[in-house]
Amino acid sequence: MPEKETATNVRTGETVTTEVPTADEAYVAALLREREGYARHGREDRLADVDAELRRLGVAVSEGRETAVESKPRRTARGK
């Protein structure tokens, strides 16, 4: 979850709150950009390394899309 930082605008005096990614979120985003480049250029060996690091961080990647892995799997109803 992004951290919130508060700052005061020097010109207007308005207090502004912005969301700043945590270090882990920034790292995952960088890995996903790196993964995209390897996938685009067919570097399967490097892709496997990045996927392993993403799994270690709790991010599952399938078909080029990432999803967070939950500690407790949710039950979902499957429509037929």
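Residues numbered from 1 in each chain as written. Predicted model: local features only at pLDDT ≥ 70, side-chain atom pairs only at ≥ 80, totals over all residues. Heavy atoms only, no water.

*Asks:* Kindly report on the overall build of the chain, identifying the contributing residues and their values.
*Replies:* When you go through the chain residue by residue, the secondary structure sums to 2 helices and 4 strands. Order of helices (α) and strands (β) in the chain, N terminus to C terminus: β-β-α-α-β-β. Buried residues in the chain amount to 16% of all 80 residues. Across the chain, contacts joining residues at least 24 apart in sequence account for 19% of those joining residues at least 6 apart. (Helix = DSSP H or I, 4+ residues; strand = E, 2+ residues; numbered from the N terminus. Buried < 20%, exposed > 50% of the residue type's maximum accessible area, 1.4 Å probe, protein only. Contact = heavy atoms within 4.5 Å.)

*Asks:* Can you lay out the nonpolar core for me, pointing to particular residues and giving the numbers?
*Replies:* Nonpolar side chains tend toward joint burial in soluble globular proteins. The biggest cluster of nonpolar side chains holds 8 residues, and these are Val28, Leu31, Leu32, Tyr38, Leu47, Val50, Leu54 and Val59. Among the elements that make up this core, the one with the highest residue count is helix α1 (residues 23-40) (4 residues). Apart from the residues within four sequence positions on either side, Leu54 is in contact with Val28, Leu31, Leu32, Arg35, Val59 and Val61. (Core = buried A, V, L, I, M, F, W, Y, C linked by side-chain atoms within 4.5 Å.)

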